[in-house]
Amino acid sequence: MTAGPDREPLDRAFFDRPVLEVAPDLLGRVLVRRTPDGPIELRLTEVEAYAGPADPGSHAYRGRTERNAVMFGPPGHAYVYFTYGMWHCLNMVCGPEGHPSGVLLRAGEVRHGHEWAHQRRPKARNDHELAKGPARLATALGVDRRLDGSDVCAGADGPLSILSGHPARPDQILSGPRTGVGGEGATHPWRFWIDGERSVSPYRAHTPRRRNATRRQVGT
DNA sequence: TCGTGGATGGCCT
DNA sequence: GGCCATCCACGAC
């Protein structure tokens, strides 16, 4: 963790571009999460683009609410949401203010702070399982709703930064349909990952939930 | 190693 | 009341 031009955080202009440019450009770069315990560094290996108010897979699809307000704000901020009653997911707001698009950080490889990451993810059996999946990534980094709206361009004072160095080469980047999104949202290749990375979560097709079948009746 | 389904709570219609 | 940008325990093989 030495100083240098590679360690400069990405600036606002980086995020103030179309989300389909920003998403693959984030791959290979290092996310820094500063905690009271110490910093954790993660090399991003898998991301997913959510492309504005017309995207049915996006939280912004049905307009602005208190929860998704950060997505409608200026780029370069973190959007953290709570899902499935248990998990948090970390997104980067992209594009011009008022245009709610973002990139979900789906997976990464921990490069520094393994001990803290393993403490937060005791189920992880090895290093590449620490942040394999968006909820695991957020858990390993200690990210929750308190970080919603954090300025990622604030530098070393902020809880999150993404460093400018070591972007993945274009020939290392693959793309495909998004995970877990059904309907029209599944047809666009808006998921990007680095070829051959063990920390990339396996593709699972969208499986619609069966009505009534999942909830076993309680009582008589 | 793979597939299946339960857990769990805030948000939105 | 149903839907979720998920994870993981567990059983089958």
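Remember, predicted model here, so these are calculated numbers, not experimental data. (Residues numbered from 1 in each chain as written. Chains lettered and ligands numbered in written order. Predicted model: local features only at pLDDT ≥ 70, side-chain atom pairs only at ≥ 80, totals over all residues. Heavy atoms only, no water.)

Chemist: How should I be thinking about the overall build of chain A in this particular structure?
Modeler: Regarding its fold elements, chain A presents four helices and eight strands. Its helices and strands in sequence order give chain A the pattern α-α-β-β-β-β-β-α-α-β-β-β, from N to C terminus. Counting contacts in chain A only where the partners sit at least 6 residues apart, residues at least 24 apart contribute 63% of the total. Of the accessible surface of chain A, which amounts to about 11700 Å², a share of 50% is contributed by carbon and sulfur atoms. (Helix = DSSP H or I, 4+ residues; strand = E, 2+ residues; numbered from the N terminus. Contact = heavy atoms within 4.5 Å. Areas by Shrake-Rupley, 256 points an atom, 1.4 Å probe, with all protein chains shown as cover.)

Chemist: It is not clear to me how the nonpolar core should be interpreted in this structure. Could you clarify?
Modeler: Buried together is how nonpolar side chains tend to be arranged in soluble globular proteins. F15, L26, L31, L90, V103, L105 and I162 are the most contacted members of the largest nonpolar core, which totals 40 residues. Of the residues forming this core, the biggest block, five residues, is contributed by strand β2 (residues 38-50). Aside from chain neighbours lying at most four places away, what touches L26 is L10, F14, F15, L44, V103, L105 and I162. In terms of nonpolar packing, the next biggest core, distinct from the first, is built from ten residues, Y50, A60, M71 and F72 among them. (Core = buried A, V, L, I, M, F, W, Y, C linked by side-chain atoms within 4.5 Å. Buried < 20%, exposed > 50% of the residue type's maximum accessible area, 1.4 Å probe, protein only.)

Chemist: Help me understand the side chain of N91 in this model?
Modeler: With respect to the helices and strands, the residue N91 is situated in strand β4 (residues 87-94). Under the relative-accessibility criterion, N91 is labelled buried at 7%. Discounting residues that sit within four places of it in the chain, N91 has contacts with H77, A78, Y79, Y81, V103 and L104.

Chemist: Help me understand the pattern of salt bridges in this model?
Modeler: Pairing between side chains of opposite charge can happen when the charged atoms of each approach one another. Inspection of the entire model under this criterion finds 16 salt bridges. One salt bridge in this structure joins E197 and R43, with 3.0 Å as the shortest N-O distance. Of the two residues, E197 sits in the segment after β8 (191-194) while R43 sits in strand β2, which places them 154 residues apart along the sequence. We note a salt bridge from E48 to R106, for which the minimum N-O separation is 3.6 Å. Placement of E48 in strand β2 and of R106 in strand β5 (residues 101-112) is noted, with a sequence separation of 58 residues between them. Neither residue differs from the other here; E48 and R106 are each classed as buried. (Salt bridge = Lys/Arg side-chain N within 4 Å of Asp/Glu carboxyl O.)

Chemist: I would appreciate a short explanation of the environment of A131 in the present structure.
Modeler: Here A131 lies in the loop between α3 (114-120) and α4 (134-141). We classify A131 as buried; its relative accessible area is 1%. Expressed as a C-alpha distance, the spacing of A131 and E109, which sit 22 residues apart in the sequence, is 6.6 Å. The contact partners of A131, leaving out residues within four places of it in the chain, are L42, R106, A107, G108, R136, L137 and S199.

Chemist: Would you mind going over α4 with me for this structure?
Modeler: For α4, a buried count of six out of eight residues is recorded, marking the element as mostly surrounded by other parts of the structure. Every buried residue of α4 is listed here: P134, A135, L137, A138, A140 and L141. Against the buried residues of α4 lie β1 (30-35), β2, β4, β5 and α3. Within two residues after α4, G142 carries a phi angle of roughly 65°, on the positive side.

Chemist: Looking at this structure, how should I read the environment of P74?
Modeler: Here P74 is to be found in the loop between β2 and β3 (78-83). With a relative accessible area of 31%, P74 lands in the partly exposed category. Leaving out residues up to four positions away in the same chain, P74 has contacts with V93 and E97.

Chemist: In this structure, what is going on with the packing of aromatic side chains? I would like to understand it.
Modeler: Aromatic ring pairs: the centre-centre distance and the angle between the two ring planes describe each pair. Applying the stated criterion to the full structure yields two aromatic pairs. Ring geometry for F14 against F15: centres 5.2 Å apart, planes inclined by 75°, an arrangement best described as edge-to-face. This pair shows no difference in class: F14 is buried, exactly as F15 is. Taking NZ or CZ as reference, R17 lies 4.7 Å from the ring centre of F14, over its face. Cation over ring: R191 sits above W193, and NZ or CZ is 4.4 Å from the ring centre. (Phe/Tyr/Trp six-rings, centres within 6.5 Å; stacked < 30°, edge-to-face > 60°. Lys NZ or Arg CZ within 6 Å of the ring centre and 35° of its normal.)

Purely geometric numbers; function is a separate question.
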